[in-house]
Amino acid sequence: MKIISSKKKLKKFILNEKNLGFVPTMGALHNGHISLIKQARKENDIVVVSIFVNPTQFLEGEDLDAYPRKEVADQKICELSGVDILFMPDIDSMYEKDELCIGAPAIRGYVLEGEKGPGHFDGMLQVVMKLLNLSSATKAYFG
């Protein structure tokens, strides 16, 4: 398993892959994540998992720093689950100074988490779009 933190290196390693499964996560992996990884492993030649705690989906007053981070355990889980590439970028490499903003639909963006935290889905959509574009995935697996 390769662990990559650079967008450029990720693109290099997956450049010619035709059958790539992608599992985007915020880490603190559990059995639900493992089931997604195993499904991706069955259906794809290459499996990429990302671990990125996305600051743009945390709203004012929510504690980004308190979000669980278990890098060593997550790496071991990915290795044991047959992940080919673990993408672990830092915040600075994922976000530009003049960032494109994505907005959730005005009405549907307020269901589930959006009801408690308006703007949560804006940040989630922004990073998922970035990760999908970076991975060039054939299939993506969300839980």
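Look a little higher up for the structure.
Residues numbered from 1 in each chain as written. Predicted model: local features only at pLDDT ≥ 70, side-chain atom pairs only at ≥ 80, totals over all residues. Heavy atoms only, no water.

(A) Highlighting the sheet that holds strand β5 (residues 139-140). The strand order across the open sheet formed by 5 strands is β1-β4-β3-β2-β5, and the pairing between neighbours is parallel. Of all the strands in the sheet, just β1 (2-4) and β5 have a single pairing partner and so form its edges. The pairing of strand β3 (residues 46-51) with strand β4 (residues 85-87) spans 3 bridges and is parallel. Of the residues in β4, the one forming a bridge with Val 48 is Ile 85. Across the sheet, helix α1 (residues 7-14) lies against β1, β2 (20-25), β3 and β4, angled at about 155 degrees from β4, the strand it touches most. (Pairing = 2+ DSSP bridges. Helix = DSSP H or I, 4+ residues; strand = E, 2+ residues; numbered from the N terminus. Contact = heavy atoms within 4.5 Å. Axes fitted to C-alpha atoms, helices over the stretch in contact; angles between N-to-C directions.)

(B) Up close: the pairing of β2. Of all the 6 residues making up β2, 6 are buried; the element is thus mostly covered by neighbouring parts of the structure. The alternating pattern of β2 places Leu 20, Phe 22 and Pro 24 on one face and Gly 21, Val 23 and Thr 25 on the opposite face, and all of these are buried. As judged from the 6 bridges shared by β2 and β3, these two strands associate in the parallel manner. Considered in β3, the bridge of Val 23 is made with Val 49. On the question of chirality, the crossover connecting β2 to the parallel β3 by way of helix α2 (residues 31-43) is right-handed. (Buried < 20%, exposed > 50% of the residue type's maximum accessible area, 1.4 Å probe, protein only. Right-handed = clockwise from strand over helix to strand, strands pointing away.)

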